[in-house]
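A structural walkthrough
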Amino acid sequence: MAAAGTIYVLNGPNLNLLGTREPETYGHATLADVEKLCADTAKQFGLAVDCRQSNREGELIDFIHEAHAKKAVGIIINAGGYSHTSIALHDALVAVKIPAVEVHVSNIHARESFRLHSFTAKAAFASLCGFGIDGYRLAIMGLAARIGVKAKT
Ligand SMILES: O=C1C[C@@](O)(C(=O)O)C[C@@H](O)[C@@H]1O
């Protein structure tokens, strides 16, 4: 079982390239910056994070199943391009019934039309996009509120 109050932070394909990948769209922050931001934010609520990244759809599904097995309190997911294609990721999120927030670094609604639909958004209770990596911080704050965890003073 995971430590009490663990949030799984899942990043999908190409997000390991954050910082160098199309910085005009995704900014200069790296995945390591995202993971530190998530850990620091979760800590403010007495929560922990388990951060994973994979370029493979099946491995992301395995992470979601693992989150369930380890009794994670929430999932933050940026499934990258799989957001727009993966019924299997949608189904995994629905199956485990863990409160999930979808994050996109860029504003997917202001980009190509093929990014407008998100399967993972349909399986999440909330979705954030366009805030850059700050979206992950906001997602953790929203998730904490959703599960009734207050910031430590
Ligand atoms: O890989 C990504 C990154 C992304 O999820 C984002 O964080 O803005 C948006 C997706 O459309 C894209 O395929």
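Going by the structure above, here's the rest.
This report concerns the structure included in the present document. All values derive from a computational prediction rather than experimental measurement. In every chain, residue numbers begin from 1 and rise along the written sequence. Reporting of local features is limited, given that this is a predicted model, to residues whose pLDDT is at least 70; pairs of side-chain atoms are given and counted only at 80 or more, and all residues count toward the totals for whole chains, interfaces and linings.

**Structural notes on the site of the ligand**
Throughout this description, a residue near a molecule or strand is one whose C-beta atom, derived from the backbone, lies within 6 Å of it. Around the ligand, a shell composed of N14, N78, G80, G81, S83, H104, V105, S106, I108 and R115 is seen. In the scheme used here, Gly and all other residues not listed as nonpolar or charged are polar, with Ala, Val, Leu, Ile, Met, Phe, Trp, Tyr, Cys and Pro taken as nonpolar and Asp, Glu, Lys and Arg as charged. Of the residues that constitute the shell around the ligand, the class distribution is 2 nonpolar, 7 polar and 1 charged.

**Digging into the sheet that holds strand β3 (residues 74-78)**
When DSSP finds at least two bridges between two strands, those strands are taken to pair. Numbering goes from the N terminus for both helices and strands, where a helix is a DSSP run of H or I of at least four residues and a strand is a run of E of at least two. Spatially, β2-β1-β3-β4-β5 is the arrangement adopted by the 5 strands of the open sheet, whose pairing is parallel. Both edges of this open sheet fall to β2 (48-53) and β5 (126-129), since each of them pairs with a single strand only. Direction aside, neighbouring strands of the sheet carry axes that sit 20 degrees apart on average. When β3 meets strand β4 (residues 100-104), the two strands line up parallel, connected through 3 bridges. Pairing of I75 across the sheet is with A100, part of β4. Contact criterion: two residues are in contact if their C-beta atoms, reconstructed from the backbone, are within 7 Å. Comment: axis = line fitted to C-alpha atoms, over the contacting stretch for helices; angle = value between 0 and 180 degrees taken between N-to-C directions. Along the sheet face, helix α2 (residues 31-44) touches β1 (6-11) and β2 and points at about 160 degrees away from the line of β2.

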